[in-house]
Structures are given as structure tokens and as C-alpha cells.
Amino acid sequence: MAEGMKDTWYQCDRCLACCKWPGDVRVEENEIDAIAAFLDMEVDDFIQRFTRLRTNRSGLSLIERENHECIMLENGGCKIQSVKPFQCKGFPNRWNFPGWQEQCQAKPVPMEEAVALGLVDEGALSADHQLRGRDLSHEH
Ligand code: SF4
Ligand code: SF4
């Protein structure tokens, strides 16, 4: 097990709550090409159709529907699951917030067992990505 790795992995139960919270779903420049390619779209078209400026105008977010769902939520799942942004991949193991377990159904699995079962998304635990949580402050 890598040094510094936590001893518990929280395995997503696909309850989709985190796809329905208000706020930005940050999409970074280096993620946009892969998502556009996955959707078989030109990058500019993807940006026009599926993104908006973040609340703080510092980059792009996926569009939030009027009911606060993410625009990529379709037919009970994420339309871009395999290429979803790191913000999505990182919750709740890489980032979370006080009281997150009241809103997320992810199940605790001992880390060694999770690694053995292939549940651990190395990318989600990587320190290379500056992950910040979705804005749940309802301030906008
Ligand atoms: S809220 Fe938790 S269990 Fe539900 S989809 Fe998000 S990460 Fe998975
Ligand atoms: S991109 Fe997918 S996983 Fe991320 S919030 Fe949107 S629907 Fe959920």
C-alpha cells in the first residue's frame, strides 16, 4: 500500500446525490478534450453546449440544470462516466466536507481489500490533481 494512503476506501453506491447538488462541476482544460472526444464532438461545440463559466469566473463548469442536476446526468447515470471530471472522480475519497456521510451512500471498504478488488481509482487518490469540492454553499 502506498505510503500515506488512507486505510478506508469509500465505494460509490451510484446514488447520484452528488450529481444533483447545487454549484459548479469544475471541468479543467486538460479534461475537456477527452470529454469532447468521448461525445464525438468538436471541443468548441462541447464548450458551447455543455459548459458555463464557474461562479467565480475562474474557469469552466458543466452546466447546472434549473433543478441543480448536472447536465450530464441522463437516464439514471452519468453520460460521461468513463471520462468524468476529477471533481466527480475524487468524491468522497479525495475530497469531501463535514457531514458528507449524511448525503452520500458510499460504503466503507478496508483499503487493502478495496485495492485487491480493484475498486481503488488511483487517479482519484493521486496528489497530482488539485481537487476542490463542489460549491455547496448555495451562495450564488
Ligand atoms: S453521493 Fe456518494 S454514493 Fe452517491 S453517487 Fe456520489 S459518491 Fe456515489
Ligand atoms: S459529470 Fe457525471 S458524475 Fe460528474 S456531476 Fe455530472 S453527472 Fe455526476
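Each chain has its residues counted from 1, running along the sequence as written. Here chains are named by letter from A upward and ligands by number from 1 upward, in the order in which they appear as written. Per-residue local features of the predicted model are confined to residues with pLDDT of at least 70, and side-chain atom pairs are confined, for both listing and counting, to 80 or more; whole-chain, interface and lining totals are unaffected and use all residues.

**Q** I'd love a proper account of unusual backbone geometry, names of residues and values included.
**A** The residue after Phe91, namely Pro92, is reached through a cis peptide bond having omega 0°. Along the chain, Pro92 turns up in the loop between helix H3 (86-90) and strand E7 (107-110). Even without glycine at this site, Arg57 takes up a positive phi of about 60°. Numbered from the N terminus, helices here are DSSP runs of H or I no shorter than four residues, and strands are runs of E no shorter than two. Positionally, Arg57 belongs in the loop between strand E3 (51-53) and strand E4 (60-62). The phi torsion at Asn75 lies on the positive side, around 50°, for a residue other than glycine. In this fold, Asn75 is placed in the loop between strand E5 (73-74) and strand E6 (77-78).

**Q** Tell me what's going on with the site of ligand 1, and back it up with residues and numbers.
**A** Taken together, Cys12, Asp13, Arg14, Cys15, Leu16, Ala17, Cys18, Phe91, Pro92, Cys104, Gln105 and Ala106 make up all the residues around ligand 1. Of the residues in the shell around ligand 1, the class split is nine nonpolar, one polar and two charged. Nearness rests on one distance test: the residue's C-beta atom, set from the backbone, must lie within 6 Å of the molecule or strand. Under this grouping Gly is polar, as are all residues other than the nonpolar Ala, Val, Leu, Ile, Met, Phe, Trp, Tyr, Cys and Pro and the charged Asp, Glu, Lys and Arg.

**Q** So what's going on with the confidence of the model for the chain? Which residues, and what values?
**A** Counting all residues, the mean pLDDT for the chain is 88, and 84% of those residues have values of 70 or more. Confidence scores labelled pLDDT are given residue by residue by the predictor and lie between 0 and 100. Across the chain, element-level confidence peaks in helix H2 (residues 43-50) with a mean pLDDT of 98 and bottoms out in helix H5 (residues 122-125) with 63.

**Q** Summarise the nonpolar core; cite the residues concerned and give the values.
**A** Each nonpolar core consists of buried Ala, Val, Leu, Ile, Met, Phe, Trp, Tyr and Cys residues. Their C-beta atoms, within 7 Å, join them into a set. Three exposure classes are used, based on other C-beta atoms lying within 10 Å of a residue's own C-beta, which is placed from the backbone: buried for 20 or more, exposed for 12 or fewer, and partly exposed in between. Formed by 14 residues in total, the largest nonpolar core has its most connected members in Val25, Val27, Leu62, Cys70 and Met72. Contact between residues is assigned whenever the C-beta positions, reconstructed from backbone atoms, fall within 7 Å. Those residues in contact with Cys70 that lie beyond four places of it in its chain are Cys19, Val25, Leu62 and Glu64.

**Q** Mind laying out the site of ligand 2, listing which residues take part and the relevant values?
**A** Neighbouring ligand 2 are Cys19, Val25, Leu62, Cys70, Met72, Leu73, Cys78, Ile80, Lys84, Pro85 and Cys88. A per-class count over the shell around ligand 2 returns 10 nonpolar, no polar and one charged.

**Q** I'd like to hear about the sheet that holds strand E2 (residues 25-27), residue by residue, with values.
**A** Read across the sheet, three strands follow the order E2-E4-E3 without closing on themselves; strand pairing throughout is antiparallel. This sheet does not close on itself; its edge strands, each paired only once, are E2 and E3. Each strand axis lies, on average, 50° off the axis of its neighbour in the sheet, ignoring direction. Bridging between E2 and E4 involves three bridges; their strand directions are antiparallel. Counted as the bridge partner of Val27 is Leu60 from E4. Paired strands, in this sense, are two strands between which DSSP finds at least two bridges. The axes used here are C-alpha line fits, helices contributing only the stretch in contact, and every angle between their N-to-C directions lies in the interval 0 to 180 degrees.

**Q** So what about the packing of helix H1 (residues 29-38) against H2? Which residues, and what values?
**A** Between H1 and H2, whose axes approach to 9 Å, the crossing angle comes to 95°. Relative to H2, the element H1 is oriented roughly perpendicular. In this structure, H1 contributes Ile32, Asp33, Ile35 and Ala36 to the contact, and H2 contributes Val43, Phe46 and Ile47. Tallied by class, residues from the contact of H1 with H2 come to six nonpolar, no polar and one charged. Here is the rule for angles: anything less than 35 degrees is roughly parallel, anything more than 145 is roughly antiparallel, 65 through 115 is roughly perpendicular, and the remaining ranges are oblique.

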